[in-house]
Amino acid sequence: MTSKKALPQAFEPEYLDLFRDIYENKIVFNKLLGLKLHDIDPQGRVRASIDMRPELVGHFAYNRVHGGVISAALDAIGSAAVMAALAARHMDEPPAKRIERFAKLGTIDLRVDYLRPGIGEHFTIHAECLRVGSRVGSARMEFCGPDGTLMSSGAAAYIVS
């Protein structure tokens, strides 16, 4: 029987600060979207949000968020979930070394299902890493309205090495 290595309960504050800086500031497009990370856990679950602004409107008559905004947000949070799960495997490394692994991360495949119009003042995005291997990680994502209604869902695969 193979025993599983126990995952840490939480990441160090230093690691979380570096992680957030990448996703909220260094990825300039995420900054343009106003993406904010709220929860990042070693089990590969991430929660984020975007506030609606005029620059994000895709349909002027209904003040709907643009589908590209939804797609980009789902992709960003999906990759964050995979990155968190990958980092949890390497807790023996210092935080800065784990962050370096981000340089190898890239989207291989992204699927988005637009289920309802993206109308609201703010949106939450949830992602969960389904699996991270030595070369590829996969995630499932949700884009929800202010009341928690599922508006879009996504699935993605990411190269991690």
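Here we summarise the structure given alongside this text.

### Digging into the pattern of salt bridges
Alright, step 1. Tallying each qualifying case throughout the model produces 9 salt bridges.
Alright, step 2. For Glu55, the salt bridge identified is with Arg53, shortest N-O distance 3.3 Å.
Alright, step 3. Assessed through its relative accessible area of 60%, Glu55 is described here as exposed.
Alright, step 4. With relative accessibility at 27%, the residue Arg53 sits in the partly exposed group.
Alright, step 5. Taking the shortest distance from any N to any O, the salt bridge between Arg111 and Asp113 comes out at 2.7 Å.

### Things to note about the sheet that holds strand β6 (residues 122–132)
Alright, step 1. Pairing is antiparallel across the open sheet formed by 6 strands, whose spatial order is β1-β2-β6-β7-β8-β5. Of all strands in the sheet, those bounded by a partner on one side alone are β1 (36–41) and β5 (106–114). With direction set aside, neighbouring strand axes in the sheet form an average angle of 15°.
Alright, step 2. Two elements, strand β2 (residues 45–51) and β6, share 7 bridges in a ladder whose sense is antiparallel. Bridged to Arg45 within β6 is Glu128.
Alright, step 3. The strands touched by helix α3 (residues 67–88) within the sheet are β1, β2, β5, β6, β7 (136–144) and β8 (150–159), with β6 carrying the most contacts at an inclination of about 40°.

### As for the side chain of Ser49
Alright, step 1. Here Ser49 lies in strand β2.
Alright, step 2. Taking relative accessible area as the criterion, Ser49 reaches 12% and is therefore assigned buried.
Alright, step 3. A polar atom in the side chain of Ser49 sits 2.6 Å from the side chain of His38.
Alright, step 4. Here Ser49 is in contact with Gly34, Leu35, Lys36, His38, Phe123, Thr124 and Ile125, once residues within four sequence places are set aside.

### Let's talk about the pairing of β8
Alright, step 1. With 7 of 10 residues buried, β8 is to be regarded as a mostly interior element.
Alright, step 2. The sheet contact formed by β5 and β8 spans 8 bridges and is antiparallel. Counterpart to Thr107 in the pairing with β8 is Tyr158.
Alright, step 3. Where β7 folds back onto β8 in an antiparallel hairpin, the turn is made up of 5 residues, including Gly148, whose phi is positive at roughly 90°.

What counts, and where the lines are drawn
- Residues numbered from 1 in each chain as written.
- Predicted model: local features only at pLDDT ≥ 70, side-chain atom pairs only at ≥ 80, totals over all residues.
- Heavy atoms only, no water.
- Salt bridge = Lys/Arg side-chain N within 4 Å of Asp/Glu carboxyl O.
- Buried < 20%, exposed > 50% of the residue type's maximum accessible area, 1.4 Å probe, protein only.
- Pairing = 2+ DSSP bridges.
- Helix = DSSP H or I, 4+ residues; strand = E, 2+ residues; numbered from the N terminus.
- Axes fitted to C-alpha atoms, helices over the stretch in contact; angles between N-to-C directions.
- Contact = heavy atoms within 4.5 Å.
- Polar contact = N/O pair within 3.5 Å; in protein donor to acceptor, adjacent residues only side chain to side chain.

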